[in-house]
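An overview of the molecular structure
So the chains spell out like this:
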Amino acid sequence: MTFKKDFLWGGATAANQLEGAFDVDGKGLSVADAMPGGKIRWQLLSSDEFDWTIDEEKYVYPNHKGIDHYHRFKEDIALFAEMGFKCYRFSIAWTRIFPKGDEIAPNEAGLKFYEAVIDECLKYNIEPVITISHYEMPLNLAKTYGGWKNRELVGFYENFAKVVLERFHSKVKYWMTFNEINSSLEMPALSQGMIPKTGSKDQQNVFQAWHHQFVASSLAVKFGHELNPDLQIGCMVIYATTYSFDANPINQAHTMEHIQAFNYFCADVQVRGEYPAYTARLFERNGVKPLEIADGDLELLKNHTVDYIGFSYYMSGVENITAEEVETVQGNMLGGVKNPFLEASDWGWQIDPIGLRIALNDLYGRYQVPLFVVENGLGAYDKVESDGSIVDDYRIDYLKKHITAMADAVCDGVDLMGYTPWGCIDLVSASTGEMSKRYGFIYVDLDDHIEGTGDRSKKKSFDWYKQVIASNGGDL
Ligand code: BG6
């Protein structure tokens, strides 16, 4: 058998992208609540004018309603159970627990909600896998404190992490501290709560914010392990296998530096517990001066490293600095250079299953800690046929090839814990705020304006994934 007996097959979501109920039961506003829907989202978050103002006259805010999982989670989890999920990765909306982020006492209604979600999972023997912070920090922390570049956020996060770990450690074994912590190299608004108006274009701030996040993450790991040594607490990074445009050593060296900055830097600190040897060069390239590091920070990072690496893998990228005329792919945030050997999704993400085998070997070879593919999948337009069916063969094909690549990596000797494809139920896209960019095995009848019945139905991939899980990946 290729995959371990207790391999964690499941699916992944994030609170702000599916729960809706954005102002219910004491929840405060998060940065995600201030992100307009539509392809304009990315440009707005990087524009000098954007200041987190919610303008409902001008924009739609799909995250406010999401797919109303807040009220329908029992129905959704029952469907996950029907597919045979062994685990379910979801996040806790910080603003349900601490509405503004800087309170001392938590909001009990928020804790009760997640307790109910966890209990519902456990009812079906589904292991909850929790991301403590997934692109949804309190808006107040972004607006009043300027996001993670402010050291005060360490204490606020620590308070939040302690509350949820304390409350749920007896029921939840698997945790991750920050979703895609390295994404800030491309888009600091999501994970660091920083926009151009609050300094996101100055890399000094991005790296200082990372330092604060590393410290906060280590404090959570320390607290979690002291509370319950059985807990498995991971980091979570985006990994994009990155090729050089050609064999020109100049491009190869450039690609090496890109990989260090994007794929390795955060994981190096969180897994190995220290800033890597190339840090000085990386800072120099980014115009970053030595960071403000408080007494005890470096010891904390060293002594409280993560137990595993959770990572997302959707696509690979190509790096080039020598060729002047290169074809690009629209929408591919990683490099943007077209790889002629690959096809791309409707959103320009280049599909590369072999790249996942390379990613797994690379990460395991470098760190030798267990790996968990906590996001992977194909964002696609789905068509509902006249009989209500959705024949998503393209999604099955994508997932099948990526699972095959994981099986290859396991045969290569990689220690792989599990697989949670992204958006196991259709939800709002993080980068574009669209509903029509669908990843799910379960279709949700809502459009980009969150209009529709909200009814759930099974796509063709639903039964296919059920069979994959039942056969522990043997029957693809
Ligand atoms: C990851 C994020 O980057 O990719 C998710 O952790 C996100 O939040 C997923 O939804 C897919 O990206 P998108 O932009 O297609 O939703």
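Just so it is clear, the structure is predicted and the values come from calculations on it, not from any experiment. (Residues numbered from 1 in each chain as written. Predicted model: local features only at pLDDT ≥ 70, side-chain atom pairs only at ≥ 80, totals over all residues.)

1. Concerning the overall build of the protein chain
Basically, it comes down to this: Starting at the N terminus, helices and strands are each numbered in turn, a helix being any DSSP run of H or I of at least four residues and a strand any DSSP run of E of at least two. The reference for a compact globule is 2.2 Å times residues^0.38; the radius of gyration itself is calculated from the C-alpha atoms. Burial is judged by counting other C-beta atoms within 10 Å of a residue's own C-beta: 20 or more means buried, 12 or fewer means exposed, and anything between counts as partly exposed, with every C-beta placed from the backbone.
Broken down by element type, the protein chain carries 16 helices and 14 strands. Compactness check: the protein chain gives a C-alpha radius of gyration of 21 Å against a globular reference of 23 Å for 476 residues, within 12% of the reference. When its C-alpha atoms are laid out on the principal axes, the protein chain stretches across 60 × 55 × 50 Å. Every one of the 476 residues in the protein chain was classed for burial, and the buried ones make up 51%.

2. Observations concerning the nonpolar core
Cut-off, in case you're wondering: The nonpolar core is taken to be a set of buried Ala, Val, Leu, Ile, Met, Phe, Trp, Tyr and Cys residues joined by way of C-beta atoms within 7 Å. We call two residues in contact if the C-beta atoms placed from their backbones are at most 7 Å apart.
Cys-235, Val-237, Ile-309, Phe-311 and Leu-371 are the most contacted members of the largest nonpolar core, which has 137 residues in total. The biggest single contributor to this core is helix 10 (residues 203–227), with 10 residues. Residue contacts for Phe-311: discarding those within four places in its chain leaves Met-236, Val-237, Ile-238, Tyr-239, Leu-363, Leu-371, Val-373 and Val-374.

3. Some points on the site of the ligand
Filter applied, for reference: Each residue gets a C-beta atom placed from its backbone. If that atom is within 6 Å of a molecule or strand, the residue is near it. Ten residues, namely Ala, Val, Leu, Ile, Met, Phe, Trp, Tyr, Cys and Pro, are considered nonpolar, four, namely Asp, Glu, Lys and Arg, are considered charged, and the remaining ones, Gly among them, are considered polar.
In the vicinity of the ligand lie 14 residues, with Ala-14, Gly-379, Ser-429, Ala-430 and Ser-431 positioned nearest. Here the shell around the ligand is composed, by residue class, of 4 nonpolar, 7 polar and 3 charged.

4. A look at unusual backbone geometry
One non-glycine residue, Tyr-135, lies in positive phi territory at about 55°. Here Tyr-135 shows up in the loop between strand 3 (127–133) and helix 7 (139–143). For Gln-368, which is not a glycine, the phi torsion comes out positive at approximately 50°. Here Gln-368 shows up in the loop between helix 14 (353–367) and strand 11 (371–375).

5. Considerations on the sheet that holds strand 1 (residues 8–12)
Test applied: One requirement defines pairing of two strands: DSSP has to find at least two bridges between them. Fitted lines through C-alpha atoms give the axes, limited to the stretch in contact for helices. The angle between two N-to-C directions lies from 0 to 180 degrees.
Ordered by their spatial adjacency, 8 strands build a closed barrel running 1-2-3-4-5-7-11-12, and the pairing between neighbours is parallel. Averaged over all pairs of adjacent strands, the angle between strand axes in this sheet comes to 30°, irrespective of strand direction. Pairing of strand 3 with strand 4 (residues 174–178), which is carried by 4 bridges, proceeds in the parallel orientation. Pairing of Val-129 across the sheet is with Tyr-174, part of strand 4. Against the sheet, helix 11 (residues 249–272) touches strand 5 (232–238) and strand 7 (308–312), its axis set at about 170° to strand 5.

6. So, the packing of helix 15 (residues 393–411) against helix 16 (residues 460–470)
For the record, the criterion: By the definition adopted for this analysis, an angle is roughly parallel if under 35 degrees, roughly antiparallel if over 145, roughly perpendicular if from 65 to 115, and oblique otherwise. Each crossing gets its hand from how the near helix is turned against the far one by less than a right angle, where anticlockwise is left-handed and clockwise is right-handed.
Running from N to C, helix 15 and helix 16 cross one another at 25°; their axes reach a closest spacing of 9 Å. Viewed along their axes, helix 15 and helix 16 adopt a mutual orientation that is roughly parallel. Here the hand of the crossing between helix 15 and helix 16 comes out right-handed. When helix 15 is examined against helix 16, the residues Asp-393, Arg-395, Ile-396 and Ile-403 are found in contact with a partner set consisting of Lys-460, Ser-461, Trp-464 and Val-468. Along the lines of polarity and charge, the residues of the contact of helix 15 with helix 16 split into 4 nonpolar, 1 polar and 3 charged.

7. Here's the deal with the UniProt feature "active site" (unreviewed entry) in the protein chain
Which entries qualify depends on this criterion: UniProt positions are given in the numbering used here, feature names are shortened, and annotations may be inferred rather than shown by experiment.
In this structure's numbering, the residues bearing the UniProt feature "active site" (unreviewed entry) are Glu-375. Along the chain, Glu-375 turns up in strand 11. Glu-375 gets classed as buried once you count the C-beta atoms within 10 Å, which come to 25. Look past the residues within four positions of Glu-375 in its chain and what remains in contact with it is Ala-12, Ser-312, Thr-420 and Trp-422.

8. A short note on the packing of helix 4 (residues 69–83) against helix 6 (residues 108–123)
For the pair helix 4 and helix 6, interaxial distance at closest approach is 10 Å and the crossing angle is 20°. By the angle class used here, helix 4 and helix 6 are roughly parallel. The interaxial crossing formed by helix 4 with helix 6 has right-handed handedness. Contacts between helix 4 and helix 6 involve Phe-73, Lys-74 and Ile-77 from the first element and Val-117, Glu-120 and Cys-121 from the second. By residue class, the composition of the contact of helix 4 with helix 6 is 4 nonpolar, no polar and 2 charged.

9. Quick look at the environment of Asp-55
Mapped onto the fold, Asp-55 is located in the loop between helix 2 (40–45) and helix 3 (62–65). When the 9 C-beta atoms within 10 Å are taken as the criterion, Asp-55 is described as exposed. Separated by 21 residues in sequence, Asp-55 and Ala-34 place their C-alpha atoms 8.6 Å apart.

10. Here's the deal with helix 15
Counted only if it meets this: The span you would expect from a helix comes to 1.5 Å times its residue count less one.
Its 19 residues place the ends of helix 15 27 Å apart at the C-alpha level, agreeing with the 27 Å of an ideal helix rising 1.5 Å per residue. Inspection of helix 15 places Arg-395, Ile-396, Tyr-398, Leu-399, His-402, Ile-403, Ala-405, Met-406 and Ala-409 among the buried residues, and these make up the whole buried set. Of the surrounding secondary structure, the elements contacted by the buried residues of helix 15 are strand 10 (350–351), helix 14, strand 11, strand 12 (416–419) and helix 16. The first or second residue beyond helix 15 is Gly-413, which carries a positive phi of 110°.

11. Examining the environment of Phe-7
Positionally, Phe-7 belongs in the segment before strand 1. For Phe-7, a count of 20 C-beta atoms within 10 Å gives the class buried. For the pair formed by Phe-7 and Leu-219, sequence separation is 212 residues and the distance between their alpha carbons is 28 Å. Those residues in contact with Phe-7 that sit more than four places away from it in its chain are Gly-418 and Asn-472.

12. Looking at helix 4
Spelled out, the test is: The seven residues ending at a residue and the seven starting there each receive a fitted axis; the angle between those axes is the bend at that residue.
Taking 1.5 Å of rise per residue, the 15 residues of helix 4 would be expected to cover 21 Å, yet its terminal C-alpha atoms sit only 18 Å apart, more than 12% below that figure. Approximately 35° is the largest bend angle found in helix 4, and it occurs at Glu-75. Among all positions in helix 4, only His-69, Tyr-70, Phe-73, Asp-76, Ile-77, Leu-79, Phe-80 and Met-83 are buried. In the stretch just after helix 4, Gly-84 is the one whose phi turns positive, near 90°.

13. Focus on the environment of Asp-202
Here Asp-202 lies in the loop between helix 9 (188–192) and helix 10. Taking C-alpha positions, Asp-202 is 29 Å from Glu-434, a pair spaced 232 residues apart along the chain.

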